[in-house]
Amino acid sequence: MQGFSASWRYESAFRQEATLTLLAIPAAIWLADSVAQFALLLAVWCLVLVVELLNSAIESLTDRVGLERHELSGRAKDMGSAAVFVSLVIVALVWGAALWQKLA
């Protein structure tokens, strides 16, 4: 629970994504045609939160090791950010497909 607390306190991206996850619940209720689809719509947002928590952990550990610029530290942070981006693309694909199915 300390990890959740620290992420909420110190990571604005986590707060934003957690808020979007909560806001997604009523949207998922409207959008989903089944319980399984509802679960998938929320699961992809939970995936974003997991990846963001891991990215924040990488960034914190990298900063703890040293604040000076180092190629490997920058690469680690960039890879964590890329993972968050990929998780958000997955959200867009899943939600886009559900929306397409709902409106088609």
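Report on the accompanying structure. The model shown is predicted, which means the values in this text are computed figures rather than measured ones.

### Quick notes on the overall build of the protein chain
When helices and strands are tallied, the protein chain shows four helices and zero strands. Listing the helices and strands of the protein chain from first to last along the sequence gives α-α-α-α. In terms of C-alpha radius of gyration, the protein chain reaches 16 Å, well past the compact-globule figure of 13 Å for 104 residues. With the principal axes as the frame, the protein chain shows a C-alpha extent of 50 × 25 × 20 Å. Of all intrachain contacts in the protein chain linking residues separated by at least 6 positions in sequence, the fraction that spans at least 24 positions is 67%. Accessible surface, the protein chain as shown: approximately 7100 Å² in total, 70% of it carbon and sulfur. The averaged location of the 9 negative side-chain charges in the protein chain is 4 Å from the averaged location of its 7 positive side-chain charges.

### Focus: the packing of helix 3 (residues 35-65) against helix 4 (residues 71-103)
Packing of helix 3 against helix 4 leaves a shortest axis separation of 9 Å and a crossing angle of 170°. In terms of orientation, helix 3 lies roughly antiparallel with respect to helix 4. Partitioning the contact of helix 3 with helix 4 into residue classes produces 17 nonpolar, eight polar and four charged.

### Concerning the pattern of salt bridges
Counted under the stated rule, the structure contains two salt bridges. Across the pair Asp63 and Lys77 runs a salt bridge, and its minimum N-O distance is 2.5 Å. Residue Asp63 is found in helix 3, and its partner Lys77 is found in helix 4; the two are separated by 14 residues along the sequence. When its relative accessible area of 33% is taken as the criterion, Asp63 is described as partly exposed. We classify Lys77 as partly exposed; its relative accessible area is 25%. Arg75 serves as the salt-bridge partner of Glu71, at 2.6 Å between the closest nitrogen and oxygen. Separated by four residues within a single helix, Glu71 and Arg75 lie in helix 4, roughly one turn from each other. The class for Glu71 is exposed, based on a relative accessible area of 60%.

### Overview of a nonpolar patch on the surface
Together, Leu47, Phe85, Val86, Val89, Ile90 and Leu93 make up a nonpolar patch on the protein surface, roughly 520 Å² of accessible area in all. Counting residues per element, the nonpolar patch draws most heavily on helix 4, which supplies five residues. Residue position: Leu93 is located in helix 4.

The rules we used
Residues numbered from 1 in each chain as written. Predicted model: local features only at pLDDT ≥ 70, side-chain atom pairs only at ≥ 80, totals over all residues. Heavy atoms only, no water. Helix = DSSP H or I, 4+ residues; strand = E, 2+ residues; numbered from the N terminus. Rg over C-alpha atoms; globule rule 2.2 N^0.38 Å. Contact = heavy atoms within 4.5 Å. Areas by Shrake-Rupley, 256 points an atom, 1.4 Å probe, with all protein chains shown as cover. Lys, Arg positive; Asp, Glu negative; His and termini not counted. Charge placed at Lys NZ, Arg CZ, Asp CG, Glu CD. Axes fitted to C-alpha atoms, helices over the stretch in contact; angles between N-to-C directions. Parallel < 35°, antiparallel > 145°, perpendicular 65-115°, else oblique. Nonpolar A, V, L, I, M, F, W, Y, C, P; charged D, E, K, R; others polar. Salt bridge = Lys/Arg side-chain N within 4 Å of Asp/Glu carboxyl O. Buried < 20%, exposed > 50% of the residue type's maximum accessible area, 1.4 Å probe, protein only. Patch = residues over 30% accessible without salt bridge, like charges linked within 9 Å, V, L, I, M, F, W, Y side chains within 5 Å.

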